[in-house]
Amino acid sequence: MQSGNQTSVYHFILVGLHHPPHLGVPLFLAFFVIYILTVSGNGLIILTVLLDVKLQRPMYWFLCHLSFLDMTISSAIVPKMLAGFLWNSRVISFQGCVIQLFSFHFLGCTECFLYTLMAYDRFLAICKPLHYATIMTRNICTYLACGTWLGGTLHSLFQTSFTFRLPFCGPNRVDYFFCDIPVILRLVCADTTINELVTFVDIGFLALTCFALILTSYGYIVSAILRIRSANGRRNAFSTCAAHLTVVVVYYVPCTFIYLRPGSQEPLDGVVAVFYTVITPLLNPIIYTLRNKEMKAALGRLGRCKEEHRH
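In this text the structure is predicted, and so the values were computed from the model without any measurement. (Residues numbered from 1 in each chain as written. Predicted model: local features only at pLDDT ≥ 70, side-chain atom pairs only at ≥ 80, totals over all residues. Heavy atoms only, no water.)

A. Representation of the overall build of the protein chain within the structure. A tally of helices and strands in the protein chain yields ten helices and three strands. Shown N-terminal to C-terminal, the secondary structure of the protein chain runs as helices and strands in the order β-α-α-β-α-α-α-β-α-α-α-α-α. Its C-alpha radius of gyration of 21 Å places the protein chain within 12% of the 19 Å reference for a compact globule of 311 residues. Reported as C-alpha extents along the three principal axes, the dimensions of the protein chain are approximately 65 × 50 × 30 Å. Per-residue burial over the protein chain gives 48% buried out of 311 residues. For the protein chain, the proportion of contacts with a sequence separation of at least 24, taken over those separated by at least 6, is 79%. If you sum the accessible surface of the protein chain, you get close to 15200 Å²; carbon and sulfur atoms cover 69% of it. Mean positive and mean negative side-chain charge positions of the protein chain (22 and 14 charges, respectively) differ by 12 Å. (Helix = DSSP H or I, 4+ residues; strand = E, 2+ residues; numbered from the N terminus. Rg over C-alpha atoms; globule rule 2.2 N^0.38 Å. Buried < 20%, exposed > 50% of the residue type's maximum accessible area, 1.4 Å probe, protein only. Contact = heavy atoms within 4.5 Å. Areas by Shrake-Rupley, 256 points an atom, 1.4 Å probe, with all protein chains shown as cover. Lys, Arg positive; Asp, Glu negative; His and termini not counted. Charge placed at Lys NZ, Arg CZ, Asp CG, Glu CD.)

Shown next as structure tokens:
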């Protein structure tokens, strides 16, 4: 994806998060613990759903996809960040930067589509319960899930190729902790107005469209929940939907801050990016397990099953 003789940059230097030198080890330990908890927490959700027959339903099938995305998006960013904290290893090859940018936008866009799909699933389950089983069949769920991955792939291929077609011939210091479109465009030796506009329109359109569809789904869901006569039924429905809506808000607000301000460069950007690349993948398993009685019960059954096998 290099631009022939116009590209003379063969590696980038990730400046990383700005911090006093004496905080390098504490920050490494903090992010290392967060990363381990993220991988283990999301891995536990996937294992529980796959092993528990009672969770073999579309909602938890999509949750497995979400957990896998959280694990991989964190793995695409955090290890390189950790190396920068402890070993001052900040160099990333040109090809490595391309792969990291592609992976991040591929996984992030797929997650965006998946949140929309999960909202639609909840809409059908609550607003059209009699038709839910006939609409959300296993084959349909598989096609829909594959569609989110395909959409993420196409989006990322376009954004990555459109970014790295430009010439890089000067500075190679990335004032960020990973390769992302806004910071990479600042290093281009050409006019980036078109790229900035396309990035703003493309990501903005996808994010706002998905968010609008999610809010529309939840508008119908809230209306349906309020008509439930049983207080316990309303409470259970609100609990399940509140978990999903919390995750959606936590994901979309930071993304909006970063990408829907064309040409922006704020010191706070790095902190916000840490939130949706490191913290959010950790929060998802916590929110979905603590706010979901079925998931907590399944984890309990999995724990008891392990104890029985030991004895």
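B. The arrangement of helix α3 (residues 94–127) in detail. When the terminal C-alpha atoms of α3 are compared, their 49 Å separation across 34 residues agrees well with the 50 Å that a helix rising 1.5 Å per residue should span. Extensive coverage of α3 is indicated by the burial of 26 of its 34 residues. (Expected span 1.5 Å × (residues − 1).)

C. Examining the packing of helix α5 (residues 138–164) against helix α7 (residues 193–226) more closely. Orientation of α5 relative to α7, taken along the N-to-C sense of each, is 165°, at an axis distance of 11 Å. Taken as axis vectors, α5 and α7 run roughly antiparallel relative to one another. In this structure, α5 meets α7 at a crossing whose hand is left-handed. Within the contact between the two elements, α5 uses H155, F158, Q159, F162 and T163 and α7 uses I194, N195, V198, T199, D202, I203 and L206. (Axes fitted to C-alpha atoms, helices over the stretch in contact; angles between N-to-C directions. Parallel < 35°, antiparallel > 145°, perpendicular 65-115°, else oblique. Left-handed = near helix turned anticlockwise from the far one by under 90°.)

D. Quick look at the state of the cysteines. Scanning the model with the defined rule gives two disulfides in all. Paired by a disulfide, C97 and C179 hold their sulfur atoms 2.1 Å apart. Taking the sign of the torsion about the S-S bond as the criterion, the disulfide between C97 and C179, at about -125°, is left-handed. Here C179 lies in the loop between β3 (173–174) and α6 (181–185) and C97 lies in helix α3, a separation of 82 residues in the sequence. Among the residues examined, C97 registers a relative accessible area of 0% and is labelled buried. Disulfide partner of C169: C189, at an S-S distance of 2.2 Å. Taken together, the positions of C169 in the loop between α5 and β3 and C189 in the loop between α6 and α7 put the pair 20 residues apart, joining distant regions of the chain. (Disulfide = S-S within 2.5 Å.)

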